[in-house]
Amino acid sequence: MAWLKSLFQWITQLFRSPKRAHEEVIESNPETVTTAAPPLEEGSIPQPMTSPEAQDWLTMESIVAIAKELIGFTMAEKYPVLESGNQSNKGLLGQLIEEYHFGLQINNEARPDFESLGVELKTSPLRRNSKDELVAKERISLGMIDYFQIIQERFHTSGFWRKNEHLLIIFYIHSAKPFVHRKIHLADLWQFSKSDLIIIEQDWNFIRTKVEYGLAHELSEGDTMYLGAATKGASKASKRDQPNGSIRAMSRAYSLKTSYVNRIIRAWMDPSIEETALIGDSDTDQLESVGFDEVILERFRPFYGWEIQNIAEAVGVDDLNLKSKGVLASVARAIMGVPGKAEIPEFEAAGVMMKTIRLKPNGTPQESISFPAFKFKELAKEKWLDSKLYTLLDSSRFLFVVFDRATDENDSPLVLKLAKFWTMPQDDIAHAHDSWKHTKAIVREGNIVQSVNDKGVRKTNFPGSREFEVVHVRPHATTVDDTYPLPTPDRVTGQTEYTKQSFWLGNQYLKQIIS
């Protein structure tokens, strides 16, 4: 009969929520019905009514079932008592779900929220992008990196993995409304696939190794694939000691990168979607042995020195247009085994940007590499560590695929020279900060235009590639009339709009990277 008792307990847990326990207490206490609750002091949150069963969940399925009861509702709709209290701290949403919906006590310790099952609860906001698609608004933080603790640990027994092996993620729609009025949209249990787990373990080991060698100050979110070391703190003054180095390092937290969170969202919103993965089941042994970068680079190396036409024939691309602007990208994708213009799931999840580079006879890239155009008004309000440029440089990885001429003749065939993964070092990000700071200052002060000649050509004060070798500013528009509004009218021209601009990696800087 033990099995019958266990079944009954499971059914009871499945259909009993802390809200129901709360209602039963009210019914048994008439004074609660007739007496108004006293107003909450500022900064306080209402105290939940918890049930003993909530502390000992029986199955992961029961947790997921209870979590999905929130989909389509706000917490205020589910629990009207939450209309009161401090609603400015987004972190409280997760706490209120834990307390009111699951009957859990707040846990800030290095153990999962549902300790008996090893499940950690996370809440994360969704936003709509320019295509009106729901995407992740931010990364999911998985706890602070303790530089002194990590070097004493191994991945599978680490505090990080014990707490985050199984993630119950509840996504809500971000809005300007108080957080208790933000609608829950998705809720489910995320468990890492075999290949994802291998990559995350390698990411964790990379972070650990850098700290062990006294290089915590050189950590970058772009160092790794899925598990990032994200900056944590209001300013560059948020620094901490590290065990094996004298240079203080920025506070960082483990996080699932925003790009990886988008992978979770897509998988849940469209379970039928089929991906063409770079790493198949047959590749996991190699992945575990040599790592993701080497798996991919080993696909390029056999073709070093080959003409692109011969590469296309070897990898089965029959309709290659050698005059097409995207021919080099098509060849690179074909080498990796990616059909047509299909997305590369691992690149999308890791925030890897593939850039093809064509060299001049002197070995310098023909072009600089641009980033998306920035909006002047947004730039003027940004803080560096929250800026779009810093986020992009610190969190992104690049795959550079380099092509050269077979001979010094300009019309000689293009050949594959090399492929290389790269992340911008922190010292170079500091140089990029100088360029960003200079740009922000002249935009805010209305000091963009230096002079205008007789033909109407404007000379600007934007940072150029000679003074700022790492990152400079150049136009990012098809015509001068393609503009963004200015926060301050330009002093020289009086214009309230200006031609779109973007930050660029200079070709001389790129030459150093790929040399």
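Residues numbered from 1 in each chain as written. Predicted model: local features only at pLDDT ≥ 70, side-chain atom pairs only at ≥ 80, totals over all residues. Heavy atoms only, no water.

### Description of the pairing of strand 9 (residues 252-256)
To keep things clear, this is the line we draw: Exposed residues in this analysis have more than 50% of their type's maximum accessible area, buried residues have under 20%, and partly exposed residues fall in between, with area computed by a 1.4 Å probe over protein chains only. Each helix is a run of H or I in the DSSP string that is no shorter than four residues. Each strand is a run of E no shorter than two, and both are numbered from the N terminus. Two strands qualify as a pair provided DSSP detects at least 2 bridges between them.
The element strand 9 is largely enclosed, with a buried count of five among its five residues. Side chains Arg252, Tyr254 and Leu256 of strand 9 all project onto a buried face; the interleaved residues Ala253 and Ser255 project onto the opposite face, where all are buried too. By the bridge criterion, three bridges tie strand 3 (residues 140-144) to strand 9 in an arrangement that is antiparallel. When the bridges of strand 9 are listed, Met144 appears paired with Ala253. Of the pairings in the sheet, the one linking strand 6 (residues 227-231) to strand 9 comprises five bridges and is antiparallel in character. Across the sheet, residue Gly228 finds its bridge partner in strand 9, namely Ser255.

### Observations concerning the packing of helix 17 (residues 388-395) against helix 18 (residues 426-444)
Stated precisely, the cut-off is as follows: Helix axes are fitted to C-alpha atoms over the stretch in contact, other axes to C-alpha atoms as well, and angles between N-to-C directions run from 0 to 180 degrees. Put simply, angles under 35 degrees are roughly parallel, angles over 145 are roughly antiparallel, angles from 65 to 115 are roughly perpendicular, and the rest are oblique. By convention the crossing between two helices is left-handed if the near helix lies anticlockwise of the far one by an angle smaller than a right angle, and right-handed if it lies clockwise. Note on contacts: a residue pair qualifies if any of its non-hydrogen atoms lie within 4.5 Å across the two residues. Ten residues, namely Ala, Val, Leu, Ile, Met, Phe, Trp, Tyr, Cys and Pro, are considered nonpolar, four, namely Asp, Glu, Lys and Arg, are considered charged, and the remaining ones, Gly among them, are considered polar.
Contact geometry of helix 17 with helix 18 gives a least axis separation of 11 Å together with a crossing angle of 165°. With respect to each other, helix 17 and helix 18 are oriented roughly antiparallel. Here helix 17 runs over helix 18; the crossing is right-handed. Where helix 17 approaches helix 18, its residues Leu389, Tyr390, Leu393 and Asp394 are matched on the opposing element by Gln426, Ile429, Ala432 and Trp436. The class makeup of the residues in the contact of helix 17 with helix 18 is six nonpolar, one polar and one charged.

### A look at the sheet that holds strand 13 (residues 414-422)
If you trace the three strands from one edge of the open sheet to the other, you get 10-12-13, paired in mixed fashion. The sheet terminates laterally at strand 10 (352-358) and strand 13, the two strands that pair on one side only. Direction aside, the axes of adjacent strands within the sheet are offset by 20° on average. Inspection of the sheet shows strand 10 paired to strand 12 (residues 397-405) by seven bridges, in the parallel sense.

### Remarks on the nonpolar core
For soluble globular proteins, nonpolar side chains are generally found buried alongside one another. Counted only if it meets this: We call a set of buried Ala, Val, Leu, Ile, Met, Phe, Trp, Tyr and Cys residues a nonpolar core when their side-chain atoms join them within 4.5 Å.
Of all hydrophobic cores here, the largest spans 70 residues; its most connected members are Leu256, Phe292, Phe300 and Leu399. Setting aside its immediate chain neighbours within four residues, Leu256 contacts Arg139, Ile140, Leu142, Leu167, Phe192, Ile200, Tyr226, Val261 and Ile264. One finds Phe376, Leu393, Val449 and Leu486 within the second-largest nonpolar core, a separate group that totals 40 residues.

### What about the pattern of salt bridges?
Basically, it comes down to this: Whenever a carboxyl oxygen of Asp or Glu lies within 4 Å of a side-chain nitrogen of Lys or Arg, that contact is scored as a salt bridge.
A complete count under the given rule lists 18 salt bridges for this structure. Across the pair Glu115 and Arg111 runs a salt bridge whose closest N-O atoms are separated by 3.1 Å. Residue classification places Arg111 among the partly exposed positions, given a relative accessible area of 28%. Note that Lys122 and Glu120 form a salt bridge whose closest N and O atoms lie 3.9 Å from each other.

### Let's talk about the packing of helix 12 (residues 292-300) against helix 14 (residues 327-336)
Two elements in contact, helix 12 and helix 14, have axes separated by 8 Å at closest approach and are oriented at 115°. Considering the angle they form, helix 12 stands roughly perpendicular to helix 14. Of the two possible hands of crossing, helix 12 and helix 14 adopt the one that is right-handed. Mapping the contact onto sequence places Ile296, Arg299 and Phe300 in helix 12 and Ala332, Ile335 and Met336 in helix 14. For the contact of helix 12 with helix 14, the residue count by class is five nonpolar, no polar and one charged.

### Notes on the sheet that holds strand 11 (residues 369-370)
Ordered by their spatial adjacency, three strands build an open sheet running 11-19-16, and the pairing between neighbours is antiparallel. Each end of this open sheet is capped by a strand with a single partner; those strands are strand 11 and strand 16 (471-475). As judged from the five bridges shared by strand 16 and strand 19 (residues 501-505), these two strands associate in the antiparallel manner. When the sheet's bridge partners are listed, Arg474 is paired in strand 19 with Ser502.

### Some details on helix 19 (residues 507-514)
The condition that has to hold: Note that the arc is defined by the directions from the helix axis to the C-beta atoms.
Those residues of helix 19 not exposed but buried are Asn507, Tyr509, Leu510, Ile513 and Ile514. All buried residues of helix 19 fall inside an arc of 150° around its axis, so they share one side. Where helix 19 is buried, its residues touch strand 10, strand 11, strand 12, strand 13, helix 18 and strand 19.

### Focus on the pairing of strand 14 (residues 449-452)
Sheet analysis places strand 14 next to strand 15 (residues 458-460), joined by three bridges and oriented antiparallel. The residue bridging Ser451 from the neighbouring strand is Lys459, located in strand 15. Where strand 14 folds back onto strand 15 in an antiparallel hairpin, the turn is made up of five residues, including Gly456, whose phi is positive at roughly 85°.

### Looking at the side chain of Lys257
Going by this rule: In this charge count, Lys and Arg are treated as positive and Asp and Glu as negative; neither His nor the chain ends contribute. Pairs of N or O atoms are called polar contacts if they sit within 3.5 Å, as long as, within protein, a hydrogen donor faces a hydrogen acceptor (for residues adjacent in sequence, only side-chain-to-side-chain pairs).
With respect to the helices, strands and loops of the structure, Lys257 is situated in the loop between strand 9 and helix 10 (258-269). Buried charged residue Lys257 carries no salt bridge. Nearest counter-charge: Glu221, at 6.0 Å. At a separation of 2.9 Å, a polar atom in the side chain of Lys257 contacts the main-chain carbonyl oxygen of Glu221. Polar side-chain contacts of Lys257 include one of 3.5 Å to the backbone oxygen of Ser395. Leaving out residues up to four positions away in the same chain, Lys257 has contacts with Arg139, Glu221, Gly222, Thr224, Met225, Tyr226, Gly228, Ala350, Ser395 and Arg397.

### Some thoughts on the confidence of the model for the protein
To be explicit about the condition: By definition, pLDDT measures how confident the predictor is in each residue, and it falls between 0 and 100.
Here the protein shows a mean pLDDT of 86. Residues at 70 or above account for 86%. Contacts for the low-pLDDT stretch residues 1-55, under 50 throughout, to residues beyond four places or in other chains number 63 contacts.

### Let's talk about the side chain of Arg333
Residue position: Arg333 is located in helix 14. Lacking a salt bridge, the buried Arg333 has Glu348 as its closest oppositely charged neighbour, with an N-O distance of 7.2 Å. Apart from residues no more than four positions distant in its own chain, Arg333 is found in contact with Val338, Pro339, Gly340, Lys341, Ala342, Glu343, Ile344 and Met354.

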